[in-house]
2 protein chains.
Amino acid sequence: MTRVEQVNSTGLVGDTIGAISRHIREKDLMPGDRLPSEALLSKELNVSRTVVREAFRSLAAMRIIELATGKRATVAQIDHGAMSLMIEHGVHTDQINIQQIYDVRRTIETRIVTLAAIRRTDDEATQILALAARMQDAVNDPAALMEHDLAFHTALARASRNPVYSLLIGSFQGITRQTWPIGWKSRPTQAARDLMVGTHLDIARAVAASDPQQAAALMSLHFDESVRALLTAGLS
Amino acid sequence: MTRVEQVNSTGLVGDTIGAISRHIREKDLMPGDRLPSEALLSKELNVSRTVVREAFRSLAAMRIIELATGKRATVAQIDHGAMSLMIEHGVHTDQINIQQIYDVRRTIETRIVTLAAIRRTDDEATQILALAARMQDAVNDPAALMEHDLAFHTALARASRNPVYSLLIGSFQGITRQTWPIGWKSRPTQAARDLMVGTHLDIARAVAASDPQQAAALMSLHFDESVRALLTAGLS
DNA sequence: CATAGAAACCTGTCCTACAGGTTTGGGGGA
DNA sequence: TCCCCCAAACCTGTAGGACAGGTTTCTATG
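Residues numbered from 1 in each chain as written. Chains lettered and ligands numbered in written order. Predicted model: local features only at pLDDT ≥ 70, side-chain atom pairs only at ≥ 80, totals over all residues. Heavy atoms only, no water.

Peer 1: I tried to follow the pattern of salt bridges on my own but got confused; where do I start?
Peer 2: Pairing between side chains of opposite charge can happen when the charged atoms of each approach one another. If you walk through the whole model with that rule in mind, you get 26 salt bridges over all chains. Between Arg49 of chain A and Glu38 of chain A there is a salt bridge, and its shortest N-O distance comes to 2.5 Å. Here Arg49 of chain A is found in helix H3 (residues 49-61), whereas its partner Glu38 of chain A is found in helix H2 (residues 38-45), with eleven residues between them in sequence. Notably, a salt bridge pairs Arg205 of chain A with Asp202 of chain A, separated by 3.9 Å at the nearest N-O pair. With Arg205 of chain A and Asp202 of chain A both in helix H9 (residues 190-208), this residue pair falls three residues apart, about one helical turn. Classification of Asp202 of chain A as partly exposed rests on a relative accessible area of 34%. Via salt bridges that share partners, Glu38, Arg49, Arg53 and Arg57 of chain A together with Glu54 of chain B belong to a single interconnected network. (Salt bridge = Lys/Arg side-chain N within 4 Å of Asp/Glu carboxyl O. Helix = DSSP H or I, 4+ residues; strand = E, 2+ residues; numbered from the N terminus. Buried < 20%, exposed > 50% of the residue type's maximum accessible area, 1.4 Å probe, protein only.)

Peer 1: Would you mind going over the relation of the copies chain A and chain B with me for this structure?
Peer 2: The operation linking the two copies of the chain is a rotation about an axis combined with a translation along the axis. Mapping chain A onto chain B calls for a rotation angle of 180° and an axial translation of 0.0 Å; the resulting RMSD is 0.0 Å. Both copies of the chain, as the preceding transformation shows, are related through a two-fold rotation axis. Residue Ser58 of chain A, judged by its C-alpha, is the member of chain A lying nearest the rotation axis, at 2.4 Å. Taken as a fraction of all interface residues of chain A, those also at the interface in chain B reach 100%, which identifies the copy contact as same-surface. (Least-squares fit on C-alpha atoms with pLDDT ≥ 70 in both. Contact = heavy atoms within 4.5 Å.)

Peer 1: Just to check I follow, could you spell out the confidence of the model for chain A for this structure?
Peer 2: Caution is warranted with low-pLDDT regions, since their predicted coordinates should not be read in detail. For chain A, per-residue confidence averages 94 on the pLDDT scale, and residues scoring 70 or more make up 95% of the total. Confidence over residues 1-8 of chain A falls short of pLDDT 50; this stretch has four contacts with residues more than four positions distant or in other chains. (pLDDT = per-residue confidence, 0-100.)

And the structure:
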């Protein structure tokens, strides 16, 4: 093999990742479009299939492409899976703490709910109200309640009509799943639990009523209360 | 080889990624700590080194671990590189547009500057002022100006004392580098350019003066003006 | 013209080999 | 005894071959 003796700092895999990314940009590929086969790329870039495969795996890990056995690799849609793992890793290794995440969430969710109140479709309003209602029904079933809670915030993000907000909310979902029970346990009284669930319903109503100020104020309140609950639970 | 005939939907590589992640969590590894060698993992997990390597590459792509030739893989520090690529991919494939990113940036940077005004150390205040000053010096050197601009916002994020904000600001930097010149071209007059640079200095002063309200108001203003400039440039 | 089936193609995993880079442990010198 | 240097052991990066399935494409047949 006519090995090209060009040793970059990145290594062949890094170079190949770059080449594939460039290929996507230059050919202006859209989600779903197919990439060249491993064998072809390997030939064109003068690297072994091993290298191409590792480059593919790297891009797949970032959800830039999608792999499936037998099929060719395709350009992927945005997905929060990778970011979720990265955030979880940051928390597990003490590089990020839960309050810091709550500060970010409060900041963006306040904006999200403002946009949602302005831009939501009627269908979305209905769906958001329904999720808040389901939370009330599940007030004594923590597992179900958490899922509806997450779905509620996800629906709001979608209604904001800004995919970046959906992406970020999704990215925090992984770690939220792991810490949500802590927050719930720190609300031991029925009153505290009803308040939490009730606030969600109020937010849903404000969004349905297209009242951005009210929606934002309530969301801010919700986070005040959540952070207080978390601190009470001793999560420093 | 005693091949375990357990076919998950994820495939062996996916399983292996999970096993390594679990290993990090269970052993409570911190950034810098070393992971087992490929050969060892391959033996313990009953998969080929190929599979372990692809799993390593995937984790490295998400910056969860770090690879280097000859050395063992280590647990990595949080890094925005992967997120930056993901965002860029989203923009290039028309899944995200620039205004959407600006809306998110405005939202979080307004919060960042509020926190920075409260929490900045004196050193950070000095550094932020210095960066704003350097922007003024480079008002006729777009390339240098852009770099100082990016460094300015990065410094503010650091002063907010919340690594998640630093992570997010970093994630937008890649795409910002590609769109910044558009915004600059849409400020063709000296007055518009001086205004943009001057706003940065005003923000720096507000942060140095520990005036969060003023800092936030100015940052909001800055983004108003930036979005207007971008729209003028015809970036729909 | 539609369709079933074969051929061609493609990915997932395993294995072996070897060129460097890194860590470690031991021996020799101060 | 302690320190330093070097060789051996270890480790990763890349190449290449093999084969089991899964997928796409083409063709011949009904």
